[in-house]
Amino acid sequence: MSHGGADKCEPNLIPLLDLVLQLVMFFMVCANFVMEQINESIQLPAAEVARPLDPNATNIIFLNVNEKGEVLLSALDAVGKENTLYNKVQVQNYMKRRFDEDIRKNGGDKTRPPKSLLIIRADKRTPFEKVYDIMKACQLAGYQNCQLRAIRA
């Protein structure tokens with residue numbers, strides 16, 4: 001029996017296309033999540049010793065501070081506007097609620113504080129007193145691991 005080349009075998013590309021589509025959607029969701037944490041209106045100060053974020057860090061909390069010293073939260077309210085904390089009392093109350101939620105997620109053991117990393121992204125025009133007040137409020141709420149972000153000069 002001779003087949004003469006009339007039957008051609010073509011590969012099925014549908015599973016490969018499904019995989020590529022899933023990867024594209026995954027990266028789009030990841031990029032969108034990261035952009036929610038970072039406010040583009042914040043202009044970070046330049047520093048010679050700026051270090052990149054530790055890739056092993058888990059449970060990172062970003063606080064974006066504008067030039068007025070207001071904390072811009074990434075979570076949106078019911079009308080779709082950004083939530084803003086205007087003073088250190090509001091920051092301390094918000095961070096205390098976050099700290100209590102973190103403890104509940106870790107089984108409710110208050111002897112082992114959560115290993116959260118708090119990153120403050122303060123605008124370069126923000127007075128240092130305002131940044132210090134925010135750092136102090138976070139410390140009073142229970143967070144001990146705090147970093148300031150800057151860009152490499």
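Counting starts from 1 at the beginning of each chain's written sequence and moves along it residue by residue. Totals for whole chains, interfaces and linings use all residues, but because this is a predicted model, local features are given only for residues with pLDDT of at least 70 and pairs of side-chain atoms are given and counted only at 80 or more. Each side-chain value is derived from all of the structure's non-hydrogen atoms; neither hydrogens nor water enter the calculation.

Secondary structure counts use DSSP, requiring at least four H or I residues in a row for a helix and at least two E residues in a row for a strand, with both numbered from the N terminus. Counting its regular elements, the chain contains three helices and seven strands. When the helices and strands of the chain are listed from N to C terminus, the series reads α-β-β-β-β-α-β-α-β-β. For every residue, the accessible area (1.4 Å probe, protein chains only) is compared with the maximum for its type, and the residue is labelled buried under 20%, exposed over 50%, or partly exposed between those bounds. A total of 153 residues make up the chain; the buried ones form 26% of that total. Long-range pairs, those at least 24 residues apart, make up 72% of the contacts in the chain with a sequence separation of at least 6. Accessibility throughout is a Shrake-Rupley quantity obtained with a 1.4 Å probe, and a residue counts as covered only by protein chains that appear here. Roughly 11200 Å² of accessible area belongs to the chain as shown, and the carbon and sulfur atoms make up 58% of that amount. When checking whether two residues touch, look at their non-hydrogen atoms; a contact exists if any pair is within 4.5 Å.

Together, Leu13, Leu16, Leu17, Leu19, Val20, Leu23, Val24, Phe26, Phe27 and Met28 make up an exposed nonpolar region whose accessible area comes to about 1000 Å². Of note, leucine 19 is situated in helix α1 (residues 14-37). When its relative accessible area of 46% is taken as the criterion, leucine 19 is described as partly exposed. Any residue with relative accessible area above 30% and no salt bridge may belong to a patch, with like charges joined within 9 Å and the nonpolar Val, Leu, Ile, Met, Phe, Trp and Tyr side chains within 5 Å. Salt bridges are identified by distance alone: a Lys or Arg side-chain nitrogen within 4 Å of an Asp or Glu carboxyl oxygen.

Coordinates in, geometry out; function isn't part of it.
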